[in-house]
Amino acid sequence: MEINRELTAHIAALSGIRLAEAELDQMTRDLRSVIGYMDTLEALDIASVAPMSHVQERVNYTREDAVRPSIPRGDVLVNAARKTDEYVVTPKTFG
Amino acid sequence: MNKASLTELTAFELHGLLKNGDISADEVSAAFLSEIKNKQTATNAFITVCEGAADAVNGTLAGLPYAAKDNISTKGIRTTCASRILSDYVPVYDATVIENLRGSGARLLGKLNMDEFAMGSTSETSYFGAVRNPWDVGRSAGGSSGGAAAAVAAGMVPFALGSDTGGSIRQPSSFCGVTGIKPTYGAVSRYGLIAYGSSLDQIGPVARDARSCALALSAMAGEDLRDGTSEKCEITVPAEGVSIKGKRIALPKEAFADALSAGVRECVLGAVKTLEGLGAVVEWVRLPMLEYAVAAYYIIASAEAASNLSRYDGIRYGVSVLDKSLNLDEVIVRNRSEGFGREVKRRLMLGNFALSAGYYDAYYNKALRVKALLAQDFARVFADFDFIIMPTAPGAAPKLGESLDDPLAMYLSDAYTVPINLAGLPALSMPCGLMDGMPVGAQLIGKRFADSDILAAAAAYQDATDFHMKKPSAGATEVNV
Amino acid sequence: MSLYETVVGLEIHVELATESKVFCGCSTKFGGEPNTKVCPVCMGLPGSLPRLNEKAVEYALRAGLALNCEITRNAKFDRKHYFYPDLPKAYQISQLYLPLCVNGYVDITGKRVNIREIHMEEDAGKLVHDLWTDETLVDFNRCGVPLIEIVTQPDMRTADEVVETVRAIRAALAALGVSDVKMQEGSMRVDVNLSVREFGHEFGTRTEMKNINSLKSIARAVAGESKRQIELIETGKKITQETRRWDDNKDTSYAMRVKEDAHDYRYMPDPDLSPFLITEEQLTHIRRTQPELPEAKRLRYPKEYGLSAYDTDILISERTLCVLFEGAAEITRKPKDTANWIIGEVLSILKERGEPADELSLDKDKFARIITLVADGAINRAAGRRVLRALLDSDIDVDAYVKQNGLEAIGGASVVDDAVKKVVAANADSVAKFRSGSEKVFGFLMGQVMKELKGKGDPAALKKALEEALL
């Protein structure tokens, strides 16, 4: 897999991260090295093996439809950087 | 009994004294708090100390002090994940393990330093500075639960909670000469453990010996209605005179190949000899998928990390810029870029790469196939054997500053621990010798939910040896203070 | 005849009517103070974990079976990632790889609309713009309310077909009781994917339209967007694949701004939720307890109750009407009468008041009592209407109301006979005309008698007495 600066910049944008020019170069080198190592998996011909997303045997671990107390609104808002008495304040979505 | 000697006892021994009323809970807490004060500067094991947290009740751990890794949610006590972005985050709820331990009478003395968001193998990526190894403060305590292992090794707490996603309890335990267990995936509730790799993360105890680990784990483990991946699990504390006679132990050839340092090989094979001497039957086996585990692990763990950490945007909690002229995207990108350290960013990038359009099948899905094969490898061995034994880490604790510049080399050093998380098995690390004056650990792996069995085997080993009782020289933690 | 054909597929989000949210115990109740139905799980606090609500799965399965879907036996949940302040985890738990229900359909007049899939997911929170401070505020109350998303194939060609499809799906879900399906409150949200093409050509570029709040706006939005796209084509312009927001007041749509990288959702299986297997027993149980669907009622009503197809269609268009009809008919034992009262009286009163039929709540026992009183001649039809209006206003006692308002039909023989005698005596001319063969005047004489009885006479009894007197 060819890792270049453009791909690194694209992945950074997906990750919600901005990298300065120098960081971009370093990150590209790091990704190249690690992803290059991950490419050793290419040697394995295992397309017929089912992907295993969960190790636990247990299935259908559901809960009953019962209402439980919510937390006080103060607790919802307490850690927000900006808030009113009732709401979390979020930066403008556009503009 | 004087204060200094209290902090040298194991949690199991303290528990006996507390139960008999030979010592009081306040006495014990005071002794450890004083030791925390003495050793904090040298080790940097704690991020937050909770003095006077004393709501001891009657229970299986009544009066026993402990500390928890700072990625475990504690109501009203700052929980930072050793990250700038959560450096002022005070949770409004307790993790299930914290509730369980409080219910059994244990006292929380503080929150422990770690690699940022548990990403790292040396506890150097912390926003609050590196943890230093009590055996040699110029060396790493291991990671990511470096604070937990260092605090136990330095006698600052009798047991500590760590978390282990790819070796983060076992490897620092090995580097600091203590005993630590990563329980079976599902044995301990993850509710309140700030997620790194959700399919791999487990909380587990670190203590001086296996009996202390078992005692702590018995109060932590079990089904939790708030964690849909938790399961019923009972832990038995190993009895006196526990035996491993006739138990079958497998030694995987692949784990003793070239990458292993001679010193570690010697220590681990020494432990194998001891176990044989105690009546265990040891045979060499093959685990061919072992060599692909690191690649698969870093794909899966990074992908889950990228997903789990996408919520940190500084809006509902966490550190944020307050400039009202910035729009949403600018605020999110700035908070994340300034809030996460380099190693975290690296893994978020790796994870988002592996999940992004066009690469998902070649990387993420392929890694899940490797995981399936690896689990089959282990199942095949466990059809014939009770335990697998191999090194915890390829060497002893590295010098601080040696590991950070080559991420791939750091990832490869996790080769012995990550396969266990992928397969969801229980494994512990127990001290089995010294190499150039630094501790070395042997890793004992069991079948799913055989946590009590590996603890019993470790207890049998520790009954016959004294590596786990070796302590750093008193002077070590005072160097460079 | 237009050269162009409109092609429409729908994505319908429906909130399931569970008591608690899909992954935590917070209440799903609509409205209430902002940020009061929130917990660590639904606001995605670090370390919190989801637990699946079994009722949400059951409701989704009921919807899937009702819409003729195949059920995925080993369904899974996936995470869909994007940054937005109403999505606190920055991923939505949804289903991409193995949706719960696939390959269904719904039949409308003259055609079958195929359903590609129905998957489960969680709702997002609400952003509120404070005009005073010019700030955007977040309310997490709706976060984690269970949703199903019904995705149809692009099988519809006209606004009427679209409306009929939505109606049919809505009626089925309402009959199941799995959702309130209220478009205004947002418990049913219809997104319209629309493209146009010249007849016989390949599909054109499609747009997705959101913010459509009623059946009426669906029809207008389809017409409006179809017209806009045709104009673009005819003036040689290109149609952009985009999401547009329908503005009902201005009768037009606007392109919504979307972030560039937003479309790579990086789906992955959610490791926090254990897989769930749908067993044959579970499906059998659900099938056995599945409420009767409108389609079944369409067959049953004419057969069992002798209703016309026309009356049947009106009744089955709303669950509330079916419930009222079946309940009341069982008591009155007069299904046709009961249907007439609903269609002729109840619906016209609702229409006159501008009240939607899907919110109708009328006590079936009291309603049946009115029908019985009229049928037995204890009150006349006009009085019955008056009682019905009162019952729609408030929860009255029917018999007490009749008595208090003196609505009893005057049926005592002597009173009626006296009135008849009086009218016959006072209208000798008309009586003579009738006797000489002019039947028209009978009605006039009836009216006079009724007037004499102050409108409270039982028409049947009156008629009989008058006929006898005129012999």
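From a predicted model like this one, the values you see are computed outputs, not experimental measurements.

## With respect to the overall build of chain C
Point 1. Each helix and strand in chain C was counted, giving 15 helices and 15 strands.
Point 2. Relative to the 2.2 N^0.38 estimate, which gives 23 Å for 471 residues, the radius of gyration of chain C is 29 Å and therefore markedly larger than a compact globule would have.
Point 3. In terms of its C-alpha atoms, chain C occupies a principal-axis envelope of roughly 95 × 55 × 55 Å.
Point 4. The burial tally for chain C puts 54% of its 471 residues in the buried class.
Point 5. Here the analysis covers contacts within chain C between residues at least 6 apart in sequence; of these, 69% occur between residues at least 24 apart.
Point 6. Surface exposure of chain C reaches about 21,800 Å², of which carbon and sulfur atoms provide 50%.

## Focus: the environment of Phe46(B)
All names here are of chain B.
Point 1. Take Phe46: it is sitting in strand 1 (residues 46–49).
Point 2. Through-space distance from the C-alpha of Phe46 to that of Ala148 is 8.5 Å; in sequence the pair is 102 residues apart.
Point 3. Apart from residues no more than four positions distant in its own chain, Phe46 is found in contact with Ile36, Gln40, Ala67, Leu109, Gly110, Lys111, Leu112, Asn113, Ala151, Met156 and Val157.

## Here we look at the interface of chain A and chain B
Point 1. The interface is formed by 54 residues belonging to chain A together with 68 residues belonging to chain B.
Point 2. Between chain A and chain B, a total of about 5,300 Å² is buried, with carbon and sulfur atoms accounting for 67% of that surface.
Point 3. It is Leu41(A), Tyr61(A) and Asn79(A) in chain A that bury the most area against chain B; as a group they hold 13% of the surface buried on that side.
Point 4. Put simply, chain A and chain B have one salt bridge between them.
Point 5. We note a salt bridge from Arg346(B) to Asp30(A), for which the minimum N-O separation is 2.5 Å.
Point 6. Our enumeration of links across chain A and chain B arrives at 17 residue pairs in polar contact (both at pLDDT 80 or more).
Point 7. Looking at the side of chain A that touches chain B, the elements with two or more residues in it are helix 1 (5–14), helix 2 (21–38) and strand 2 (88–90) of chain A.

## What to know about the interface of chain C and chain A
Point 1. Across the contact, 48 residues belong to chain C and 36 residues belong to chain A.
Point 2. Surface buried jointly by chain C and chain A totals about 3,700 Å² across both partners, of which 56% is contributed by carbon and sulfur atoms.
Point 3. Counting every contact that joins chain C to chain A gives two salt bridges.
Point 4. Of the charged contacts in the structure, one is a salt bridge between Arg82(A) and Glu135(C), with a shortest N-O distance of 3.0 Å.
Point 5. For the pair chain C and chain A, the number of links is 26 residue pairs in polar contact (both at pLDDT 80 or more).

## Considering the sheet that holds strand 6 (residues 159–164) of chain B
Residues and elements named next belong to chain B.
Point 1. One open sheet accounts for eleven strands, arranged 1-3-2-6-8-7-12-13-11-9-10; its pairing is mixed. In this open sheet, the two edge strands, each paired with only one partner strand, are strand 1 and strand 10 (281–285). Averaged over all neighbouring strand pairs, the angle between strand axes comes to 30 degrees, with direction disregarded.
Point 2. Taken together, the three bridges between strand 1 and strand 3 (residues 107–112) define a ladder with antiparallel strand orientation. Of the residues in strand 3, the one forming a bridge with Phe46 is Leu112.
Point 3. Packed onto the sheet, helix 12 (residues 361–382) meets strand 9 (248–252), strand 10, strand 11 (387–391) and strand 13 (438–445) and runs at close to 120 degrees relative to strand 11.

## Comments concerning helix 6 (residues 309–316) of chain C
Quick reminder: α-helices carry 3.6 residues per turn. Residues three or four places apart thus point the same way.
Residue and element names in this part refer to chain C.
Point 1. Where helix 6 is concerned, the buried positions are Asp311, Thr312, Leu315 and Ile316. Projection of helix 6 onto a plane perpendicular to its axis shows the buried side chains occupying an angular sector of 120 degrees, all on one side. Away from the buried face of helix 6 by more than 90 degrees, exposed residues Ala309 and Tyr310 are located.
Point 2. Among the structural elements, helix 2 (159–176), helix 5 (294–305), helix 7 (319–332) and helix 8 (335–353) are those in contact with the buried residues of helix 6.

## As for helix 15 (residues 451–464) of chain B
All names here are of chain B.
Point 1. Here helix 15 is 14 residues long and its end C-alpha atoms lie 20 Å apart, about the 20 Å a rise of 1.5 Å per residue gives.
Point 2. Most of helix 15 is tucked away: eleven of the 14 residues are buried.
Point 3. Every buried residue of helix 15 is listed here: Asp451, Ser452, Ile454, Leu455, Ala456, Ala457, Ala458, Ala459, Ala460, Tyr461 and Gln462.

## Description of the environment of Pro158(B)
Residue and element names in this part refer to chain B.
Point 1. Take Pro158: it is sitting in the loop between helix 5 (146–153) and strand 6.
Point 2. Assessed through its relative accessible area of 3%, Pro158 is described here as buried.
Point 3. Sequence separation between Pro158 and Leu6 is 152 residues, and the spatial gap between their C-alpha atoms is 9.4 Å.
Point 4. For Pro158, the contacting residues outside a window of four places in its chain are Ala11, Leu14, Phe32, Pro65, Val152, Val206, Ala207 and Arg208.

## A word on the sheet that holds strand 2 of chain A
Point 1. The three strands lie next to each other as 2(A)-9(C)-8(C), forming an open sheet whose pairing is antiparallel. This sheet does not close on itself; its edge strands, each paired only once, are strand 2 of chain A together with strand 8 (126–130) of chain C. The mean angle between the axes of side-by-side strands here comes to 40 degrees, regardless of whether they run parallel or antiparallel.
Point 2. Sheet topology places strand 8 of chain C next to strand 9 (residues 135–139) of chain C; five bridges connect them, and they run antiparallel. Along strand 9 of chain C, the bridge assignment pairs Val128(C) with Leu137(C).

## Observations regarding the nonpolar core
Point 1. Membership of the largest hydrophobic core comes to 279 residues, with the highest contact counts inside it found for Phe117(B), Phe159(B), Leu161(B), Phe378(B), Leu100(C), Ile150(C) and Ile218(C).
Point 2. Among the elements that take part in this core, helix 9 (residues 293–308) of chain B stands out by supplying twelve residues, more than any other.
Point 3. Apart from residues lying up to four places away in sequence, Ile218(C) is in contact with Val162(C), Val163(C), Val166(C), Met183(C), Val190(C) and Ile212(C).
Point 4. Grouped together as the second largest cluster of nonpolar side chains are 40 residues, Leu315(C), Ala357(C), Leu362(C) and Ala383(C) included.

## Digging into the pairing of strand 5 (residues 91–94) of chain C
Residues and elements named next belong to chain C.
Point 1. Of the two faces of strand 5, the one holding Tyr91 and Ile93 and the one holding Gln92 and Ser94 are both buried throughout.
Point 2. In the sheet, strand 4 (residues 78–81) pairs with strand 5 via four bridges, with the strands oriented antiparallel. Within strand 5, the position partnered with His81 by the bridge is Tyr91.

## Side note on the confidence of the model for chain C
It should be kept in mind that the predicted coordinates are not to be read in detail where pLDDT is low.
Point 1. Mean pLDDT over chain C stands at 91; residues scoring 70 or higher make up 98%.
Point 2. In the predicted assembly, ipTM is 0.96 and pTM is 0.89.

## Focus on the domain arrangement of chain C
All names here are of chain C.
Point 1. Here chain C is described as being made up of domain 1 (4–281), domain 2 (295–404) and domain 3 (413–470).
Point 2. One C-alpha centre belongs to domain 1, the other to domain 2, and the line joining them spans 35 Å.
Point 3. Each partner contributes to the interface: domain 1 provides five residues, whereas domain 2 provides six residues.
Point 4. It is Arg170, Ala174 and Lys182 in domain 1 that bury the most area against domain 2; as a group they hold 60% of the surface buried on that side.
Point 5. Applying the counting criterion to the domain 1 and domain 2 interface returns one salt bridge.

## Brief notes about the pattern of salt bridges
Point 1. Counted by the stated rule, this structure contains 67 salt bridges over all chains.
Point 2. Among the ionic pairs, Glu223(B) bridges to Lys232(B), the shortest N-O distance being 3.5 Å.
Point 3. Judged by relative accessible area, Glu223(B) falls into the partly exposed class, the value being 32%.
Point 4. Classification of Lys232(B) by relative accessible area gives exposed; the value is 64%.
Point 5. Between Glu117(C) and Arg116(C) there is a salt bridge whose closest N-O contact spans 3.9 Å.

## What to know about a negative patch on the surface
Point 1. There is a patch of like negative charges on the surface, built from Asp180(C), Glu185(C), Glu355(C) and Glu359(C).
Point 2. Mapped onto the elements, Glu359(C) comes out in the loop between helix 8 and helix 9 (364–375).

Criteria and thresholds
- Residues numbered from 1 in each chain as written.
- Chains lettered and ligands numbered in written order.
- Predicted model: local features only at pLDDT ≥ 70, side-chain atom pairs only at ≥ 80, totals over all residues.
- Heavy atoms only, no water.
- Helix = DSSP H or I, 4+ residues; strand = E, 2+ residues; numbered from the N terminus.
- Rg over C-alpha atoms; globule rule 2.2 N^0.38 Å.
- Buried < 20%, exposed > 50% of the residue type's maximum accessible area, 1.4 Å probe, protein only.
- Contact = heavy atoms within 4.5 Å.
- Areas by Shrake-Rupley, 256 points an atom, 1.4 Å probe, with all protein chains shown as cover.
- Buried area = accessible area lost by both parts, 1.4 Å probe.
- Salt bridge = Lys/Arg side-chain N within 4 Å of Asp/Glu carboxyl O.
- Polar contact = N/O pair within 3.5 Å; in protein donor to acceptor, adjacent residues only side chain to side chain.
- Pairing = 2+ DSSP bridges.
- Axes fitted to C-alpha atoms, helices over the stretch in contact; angles between N-to-C directions.
- Arc of directions from axis to C-beta.
- Expected span 1.5 Å × (residues − 1).
- Core = buried A, V, L, I, M, F, W, Y, C linked by side-chain atoms within 4.5 Å.
- pLDDT = per-residue confidence, 0-100.
- Domains from an automatic or database assignment.
- Patch = residues over 30% accessible without salt bridge, like charges linked within 9 Å, V, L, I, M, F, W, Y side chains within 5 Å.
- Lys, Arg positive; Asp, Glu negative; His and termini not counted.
- Charge placed at Lys NZ, Arg CZ, Asp CG, Glu CD.

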